[in-house]
Amino acid sequence: MAVSSFHPTYTPRRRSDWMLCEDAYRGESEIKWRGETYLPKPSGYSTAGGHADDGKAAYAAYKERAQFPELLSVTVGAMVALVHERGIAIEVPSGLEYLFEDANGEGLTLDEFHRRITRNLLVSGRYGVLADAPQGEGMPYLEGYKAATIINWEDDGTFYVLDETEMVRDGFAWTEVEKYRVLRMEEGRYVQEMHQAGVEDITPTALGGGSLDRIPFVVASARDLGPAIETPPLIGVARSAKAIYQLSADYRLQLYQSGQETLVALNGDAPQAVGAGVVHTMHGTSDAPADLKYVSPSCSGIDAHLEAMRDARQAAVHAGARMFEQSEGQESGKARGLRYRSETANLLSVAQVSCSLLERSLRNVAFLMGQNEDEVSVTPPHDLMDAAMTSQDASALWQLVVDGGMSWQTFYERMQKGGIMSPDRDHEEEYELIQSRDLEGDAL
């Protein structure tokens, strides 16, 4: 079997899900570039008379009028911000502090690299990180791998195949070069193979030249660490967006057709022009008088399409986007709290897996450098519910402080988690700022 062989669970259905989610995240231009993958051509465009180009022009206009809703990119962007504004604590030995400024060897900060992990877990539900070092001299770095590039593996972590196919420039031309990296254990030591028009053996070593007894590669799904493929957590949003896109094409086609009435001449010659200033005389017979009529399609299904688009958008709401949309009706505080809790539960698990993946990856760098792995820690947020805190919530908590039911320190920490108080000051610094104000009497 070739090095490009897939794991049994790496199926066309899985690749299709990843492609849909990634294309939906990139937006309308990417979706439309895929053509009939997401918007099938109506059969009448190819079979009806007069389509000398097999309906290509008609389909191009049909596709151009359609609108793809940017639901997934907005949802993912808000979720990533929600996770990473919670103050994730990252601790590493002094020898690894350079990673904060350059995590991947190309100038990407560790915070930006971590956001990339979270973003990919939300979009495709899978991401891998390899701790590697340049051949010869150079500091270890982290290299990320998207879902579709991890094509083969052993569940015990002793074997991985990574697809590194890329575009390579030769002069002024670019060509695609097929390349695969194999990570495996051989007689208790970690080795690499690069497959690119041949096979190149590489034996990674730790600082000082010692062999490595494990593969410094970690892969995770949106649920936990491990190579098992899981359904992307926001696939429902992507599918609903695709459904809205397809309905939009038909809906806007009907709008277009309803505004393009056709002039029909009965028992007479059609005019050479239509519009202001045109005078046309029609002659008919006593049995069949001449007449001019405008005819347009009834578009009887236009309202049904509009309703179906609303239903599809509501499906996207239930699939994960609802916390970022305005509620159409009145909603009690208890109902809103339950809704937020149910929808942040999965987001919280993604945040925890993202932090675990980064922690394991940083420990792998420490492993390569002979540093103490136990000094590496990435502390995930404990509760994303705090992000829903409003000024009314803050006022209610402050009343507890006034009534003696909560300390100032606890209040300030809750306000920090809720995104109201500054994360750069502690409760004592904030209290000093309050005391420094020129207040007297009742105001004080």
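Keep in mind that what you see is a predicted model, and the values were worked out from it rather than measured. (Residues numbered from 1 in each chain as written. Predicted model: local features only at pLDDT ≥ 70, side-chain atom pairs only at ≥ 80, totals over all residues. Heavy atoms only, no water.)

Describe the overall build of the chain, with residues and values.
Scanning the chain from terminus to terminus reveals twelve helices and 14 strands. The buried share of the chain, taken over its 444 residues, is 37%. Of the roughly 24,800 Å² that the chain leaves accessible, carbon and sulfur atoms contribute 48%. (Helix = DSSP H or I, 4+ residues; strand = E, 2+ residues; numbered from the N terminus. Buried < 20%, exposed > 50% of the residue type's maximum accessible area, 1.4 Å probe, protein only. Areas by Shrake-Rupley, 256 points an atom, 1.4 Å probe, with all protein chains shown as cover.)

Tell me about the sheet that holds strand β2 (residues 126-132), and name the residues and values.
Taken together, three strands build an open sheet; the order of strands is β3-β2-β11 and the sheet is antiparallel. With one partner strand each, in any of the chains shown, β3 (141-146) and β11 (217-221) form the two edges of the open sheet. Ignoring strand direction, the axes of neighbouring strands in this sheet form an average angle of 20 degrees. As paired strands, β2 and β3 are joined by six bridges and run antiparallel to one another. Residue pairing across strands places Gly128 opposite Tyr145, the latter belonging to β3. In the packing of helix α6 (residues 110-123) onto the sheet, the strands contacted are β2, β3 and β11, and the crossing angle to β2 comes to about 145 degrees. (Pairing = 2+ DSSP bridges. Axes fitted to C-alpha atoms, helices over the stretch in contact; angles between N-to-C directions. Contact = heavy atoms within 4.5 Å.)

Run through a negative patch on the surface, naming residues and quoting values.
There is a patch of like negative charges on the surface, built from Asp426, Glu428, Glu429 and Glu432. Relative accessible area serves as the criterion here: at 34%, Asp426 is assigned to the partly exposed category. (Patch = residues over 30% accessible without salt bridge, like charges linked within 9 Å, V, L, I, M, F, W, Y side chains within 5 Å. Salt bridge = Lys/Arg side-chain N within 4 Å of Asp/Glu carboxyl O. Lys, Arg positive; Asp, Glu negative; His and termini not counted. Charge placed at Lys NZ, Arg CZ, Asp CG, Glu CD.)

Please set out the pairing of β2 residue by residue, giving values where relevant.
Most of β2 is tucked away: seven of the seven residues are buried. Alternating residues of β2 divide into Arg126, Gly128, Leu130 and Asp132 and Tyr127, Val129 and Ala131, and every residue in both groups is buried. Pairing analysis gives five bridges linking β2 to β11, with the strands arranged antiparallel. Residue pairing for β11: Gly128 is matched across the bridge by Val219.

Give me the lowdown on the pairing of strand β7 (residues 173-177), citing residues and values where you can.
In the sheet, strand β6 (residues 166-170) pairs with β7 via five bridges, with the strands oriented antiparallel. Its bridge partner lying in β7, Arg169 is registered against Trp174.

Pulling in residues and values, what's your account of the environment of Gly418?
Mapped onto the fold, Gly418 is located in the loop between α11 (408-417) and α12 (427-435). Here Gly418 falls in the buried class, since its relative accessible area comes to 7%.

Now, about the sheet that holds strand β9 (residues 189-195): what can you tell me, with residues and values included?
Taken in spatial order, the five strands line up as β4-β5-β8-β9-β10 in an open sheet, and their pairing is antiparallel. In the strand order of this sheet, the two ends are held by β4 (150-153) and β10 (199-202), each with one partner. Within the sheet, the average angular offset between the axes of one strand and its neighbour, ignoring direction, is 20 degrees. Here strand β8 (residues 180-186) pairs with β9 via seven bridges, running antiparallel. Bridging across to β9, Val182 finds its partner in Glu193.

Can you break down α6 residue by residue, with the values?
Helix length check: α6 (14 residues) gives 20 Å between terminal C-alpha atoms against 20 Å at 1.5 Å per residue, within 8%. Of the positions making up α6, those classed as buried are Leu110, Phe113, His114, Ile117, Thr118, Asn120, Leu121, Leu122 and Val123. A positive phi of about 75 degrees marks Gly125, the residue just after α6. (Expected span 1.5 Å × (residues − 1).)

How would you summarise the nonpolar core if you had to cite specific residues and measurements?
Within the largest apolar cluster, 86 residues are counted, with the highest numbers of intra-cluster contacts made by Leu142, Phe217 and Leu362. Core analysis: the second largest hydrophobic core is formed by nine residues, Leu397, Met406, Met415 and Met421 among them. (Core = buried A, V, L, I, M, F, W, Y, C linked by side-chain atoms within 4.5 Å.)

If you had to explain the pattern of salt bridges to someone new, which residues and values would you point to?
According to the stated counting rule, one finds 16 salt bridges in the structure shown. Residues Asp23 and Arg34 are paired through a salt bridge, measuring 2.9 Å at the closest nitrogen-oxygen approach. In this pair, Asp23 is assigned in helix α1 (residues 12-26) and Arg34 in the loop between α2 (28-33) and α3 (44-47), connecting sequence segments eleven residues apart. One salt bridge in this structure joins Arg181 and Glu164, with 2.6 Å as the shortest N-O distance. One end of the pair, Arg181, is in strand β8; the other, Glu164, is in the loop between β5 (159-163) and β6, and 17 residues separate them in sequence. We note that Arg181, like Glu164, is buried. Among the ionic contacts, a cluster of salt bridges with common partners joins Glu22, Asp23, Arg26, Glu30 and Arg34.

Explain the confidence of the model for the chain residue by residue, including any values.
Looking at the chain as a whole, its pLDDT mean stands at 81, while 77% of the residues score no less than 70. Throughout residues 338-345 the model reports pLDDT below 50, and contacts reaching past four residues in sequence, or to other chains, amount to twelve contacts. (pLDDT = per-residue confidence, 0-100.)

Tell me about unusual backbone geometry, residues and numbers included.
With phi around 55 degrees, Glu187 is a residue other than glycine that occupies positive phi space. Position of Glu187 relative to the elements: it lies in the loop between β8 and β9. By relative accessible area, which is 80% here, Glu187 ends up exposed.

Can you lay out the packing of aromatic side chains for me, pointing to particular residues and giving the numbers?
Enumeration according to the criterion identifies eleven aromatic pairs in this entry. Centre to centre, the rings of Tyr145 and Phe217 are 6.0 Å apart; their planes meet at 80 degrees, and the pair counts as edge-to-face. Note that Tyr145 is positioned in strand β3 and Phe217 in strand β11, a separation of 72 residues in sequence. For the pair shown, Tyr145 and Phe217 are each scored as buried. Grouping aromatic residues by their ring pairs yields a cluster made of Trp398, Trp408, Phe411, Tyr412 and Tyr431. Against the face of Trp153 rests Arg126, its NZ or CZ located 4.5 Å from the ring centre. (Phe/Tyr/Trp six-rings, centres within 6.5 Å; stacked < 30°, edge-to-face > 60°. Lys NZ or Arg CZ within 6 Å of the ring centre and 35° of its normal.)

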